[in-house]
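Each chain is listed here by its residues.
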Amino acid sequence: MTDTIFGKIIRREIPASIVYEDDDILGFRDIAPQAPVHVLFIPKHQPIPTLDDAAAGDAALLGRLMLAAAAYARREGL
């Protein structure tokens, strides 16, 4: 993972309120939320800076990110 704020969160160099984690995905609460619930789900091993940077080979990972976010939302009653 790159040396970005997200990489530092993944490596636990910066504390975060983690709400979801598996081998490939990390979900955590935003420290400056813009909504009542603002959770970020990011890939742990393959950075995709923007959706415009995603390639066809990222489809499975992008789908897993969406499913992880949906599972979290269901669990929280959102």
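Coordinates for the structure precede this section.
What counts as what
- Residues numbered from 1 in each chain as written.
- Predicted model: local features only at pLDDT ≥ 70, side-chain atom pairs only at ≥ 80, totals over all residues.
- Heavy atoms only, no water.
- Pairing = 2+ DSSP bridges.
- Helix = DSSP H or I, 4+ residues; strand = E, 2+ residues; numbered from the N terminus.
- Axes fitted to C-alpha atoms, helices over the stretch in contact; angles between N-to-C directions.
- Contact = heavy atoms within 4.5 Å.
- Core = buried A, V, L, I, M, F, W, Y, C linked by side-chain atoms within 4.5 Å.
- Buried < 20%, exposed > 50% of the residue type's maximum accessible area, 1.4 Å probe, protein only.
- Phe/Tyr/Trp six-rings, centres within 6.5 Å; stacked < 30°, edge-to-face > 60°.

1. Digging into the pairing of strand 1 (residues 18-21)
Here's step 1: Where strand 1 and strand 2 (residues 25-29) come together, three bridges link them in antiparallel fashion. Across the sheet, the residue bridging to Y20 is G27, located in strand 2.
Here's step 2: Counting the residues that bridge the hairpin from strand 1 to strand 2 gives three residues.

2. Concerning the sheet that holds strand 3 (residues 39-43)
Backbone-to-backbone hydrogen bonds join strands into a sheet, with any given pair of strands oriented parallel or antiparallel.
Here's step 1: A sheet is described by the order of its strands in space; here three strands give the open sequence 1-2-3, paired in antiparallel fashion. For this open sheet the edge positions go to strand 1 and strand 3, each flanked by a neighbour on one side alone. On average, adjacent strands in this sheet sit at an angle of 15 degrees to one another, irrespective of strand direction.
Here's step 2: Bridge count for strand 2 against strand 3 is five bridges, and the pairing is antiparallel. If you follow F28 over to strand 3, its bridge partner there is L40.
Here's step 3: Packed onto the sheet, helix 2 (residues 59-75) meets strand 1, strand 2 and strand 3 and runs at close to 150 degrees relative to strand 3.

3. Considerations on the nonpolar core
Here's step 1: Counting residues in each nonpolar core, the largest one holds nine residues, listed as V19, I25, V39, F41, I48, L61, L65, A68 and Y72.
Here's step 2: At the level of secondary structure, the elements contributing two or more residues to this core comprise strand 3 and helix 2.
Here's step 3: Element by element, the count of residues in this core is highest for helix 2, at four residues.
Here's step 4: Each residue touching A68, except ones within four places of it in the same chain, is listed here: Y20, I25 and F41.
Here's step 5: In this structure, I9, I10, F28 and I42 belong to the second largest nonpolar core, which totals five residues.

4. Side note on the environment of V39
Here's step 1: Locating V39 in the fold gives a position in strand 3.
Here's step 2: On a C-alpha basis, the gap between V39 and A69 in space is 8.4 Å, while along the polypeptide they are 30 residues apart.
Here's step 3: In contact with V39, other than residues within four places in its own chain, are V19, G27, F28, R29 and Y72.

5. Focus on the packing of aromatic side chains
Ring pairs (aromatic) are described by centroid distance and by the angle formed between their planes.
Here's step 1: What the rule picks out here adds up to three aromatic pairs.
Here's step 2: Centre to centre, the rings of Y20 and F41 are 6.0 Å apart; their planes meet at 50 degrees, and the pair counts as tilted. With Y20 in strand 1 and F41 in strand 3, this residue pair connects regions lying 21 residues apart in the sequence.
Here's step 3: An aromatic cluster is built from Y20, F41 and Y72, whose rings are joined through pairwise contacts.

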